[in-house]
Structures are given as structure tokens and as C-alpha cells.
Amino acid sequence: MKQIVLVGLGNIGRRHLESFFRSSYSMNIHIIEIDEANINKGKEIANLKAKKHHKTYFHTKLPEDLAIDFLLLATTSQNRFDIASNIISRNKVLAVIFEKVVFQKLDDYEIMANLLEANQIDAWINNWPRLAQYNQEIKTRLATSSFLEMEVKGSYWNLACNASHFIDLFVFYTNNN
């Protein structure tokens, strides 16, 4: 049975929780959240969507001495470094996904990279749009363009969160990397 730890049950954390419940894998899902309203929303989602091979556990404290297959950090960037460091130092973690913006301090990136390497932890940043097939196709079609103007329209977005996706896409479309 996979051991999943989800830290943070705000809007993004709840989307991740829903995605876990779409999985066919057997999972123990440990949800770390201190806000009672978010805990209640998470419990509602679990009651509606969890299948019998999904076990959910709600905690207000960070785990200790747990073998974690997958750690997902959906906290604010202000406290993410401290939380990640704490969990990594007190548990065996195989893989982690960080939400973006990952950290607030530039030095934290190098410290975390060293911590991840020393503990042989696979890590990703949740910035998926450039991996989507349709964006790969758009990049291919734009390869011969010498000029690109990009305009994004919509509503009900978390502007700061989604702006990073659009900025990254623009760089992806216009860069050879």
C-alpha cells in the first residue's frame, strides 16, 4: 500500500486529494492541515470520492518515522522550506512534488537541492503546462515564427499562481530549451 503525505488542504491541496481518489492504487493518504474549515472540506471530499482501497488520515502535526512513497507540499511558499526540511529529516521520503512558487529565499533552493540529493529523493515542481501534448504541438508550430505576442484572457483565476504557468509557457514557446 502506497504511503502518501499531502501537506496543505487549501484549494490546490483539495484538487490533489481529489486526484488521489481517482487512482487505482491502494493508498494510505495522510493529510496534514491545521485549519479546521479546510479539514472539514477535505473530509467531505474523502466521504464522497474515496474508494475502499483509499484510507485517509487527517493530522494537524507533521509525520515522524514514516516511510513516505510520495510527499506533496501544497502549502504557502513562506513556510514550505521549513516543512519540507522537517519532513525529510524525520522520515524516509522517496519522492516529492513542490507547488510553485517553491520558496521565498534564493538560498533555500540550493539547501533543498542538497538535502534531496543526500537523501536520494526524486523531486518535481508542479508546473505541468509545458508537458501537455497540445503545448508541445503549439511549440512545434511556432518554431518558425520570429515574433510571438501572447495574450491570456479568462476569469476566476488565482493570478499569481497561474501567471507563473503563462510566463513559463511564453518562455517555453520562444526558447529552444
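Our structure's up above, just so we're on the same page.
Criteria and cut-off values
- Note on numbering: residues in each chain are counted from 1, in written sequence order.
- Note on the predicted model: pLDDT of at least 70 is required for a residue's local features to be given, and 80 or more for side-chain atom pairs to be given and counted; whole-chain, interface and lining totals, by contrast, use all residues.
- Excluding hydrogens and water, the side-chain figures rest on all heavy atoms present in the structure.
- The helix and strand labels rest on DSSP assignments: H or I over at least four residues marks a helix, E over at least two residues marks a strand, and numbering proceeds from the N terminus.
- In this scheme, a residue with accessible area under 20% of its type's maximum is buried, one over 50% is exposed, and one in between is partly exposed, where area comes from a 1.4 Å probe on protein chains only.
- A pair of strands is labelled paired if DSSP reports no fewer than 2 bridges between them.
- Comment: axis = line fitted to C-alpha atoms, over the contacting stretch for helices; angle = value between 0 and 180 degrees taken between N-to-C directions.
- For this analysis, residues touch if any pair of their heavy atoms sits within 4.5 Å.
- Only one rule defines a salt bridge in this text: a Lys or Arg side-chain nitrogen within 4 Å of an Asp or Glu carboxyl oxygen.

## Describing the side chain of Ser23
Within the secondary structure, Ser23 sits in the loop between α1 (11-21) and β2 (27-32). Ser23 sits in the buried class, given a relative accessible area of 15%.

## Quick look at the sheet that holds strand β3 (residues 54-59)
Taken in spatial order, the six strands make up an open sheet running β3-β2-β1-β5-β7-β8, and their pairing is parallel. For this open sheet the edge positions go to β3 and β8 (122-125), each flanked by a neighbour on one side alone. Sheet twist, expressed as the mean angle between neighbouring strand axes with direction ignored, is 15°. Pairing geometry for strand β1 (residues 2-7) and strand β5 (residues 70-73), over four bridges, is parallel. Bridging across to β5, Leu6 finds its partner in Leu72. Of the strands in this sheet, β1, β5 and β7 (95-98) are in contact with helix α3 (residues 77-90), which crosses β5 at around 165°.

## Looking at unusual backbone geometry
With omega at -10°, the peptide bond leading from Lys100 into Val101 counts as cis. Considering the arrangement of structural elements, one finds Val101 in the loop between β7 and α4 (106-118). A positive phi angle, near 55°, is found at Asp65, a position not held by glycine. Position of Asp65 relative to the elements: it lies in the loop between β3 and β4 (67-68). The phi angle at Gln120 is positive, at roughly 50°, despite the residue not being glycine. With respect to the helices, strands and loops of the structure, Gln120 is situated in the loop between α4 and β8. Here Gln120 falls in the exposed class, since its relative accessible area comes to 68%.

## Thoughts on the pattern of salt bridges
By the definition in use, this model includes six salt bridges. A salt bridge links Lys49 to Glu18; its shortest N-O distance comes to 3.9 Å. With a gap of 31 residues between them, Lys49 in helix α2 (residues 36-49) and Glu18 in helix α1 connect regions that are remote in the sequence. Each of Arg15, Glu18 and Lys49 takes part in one network of salt bridges that share partners.

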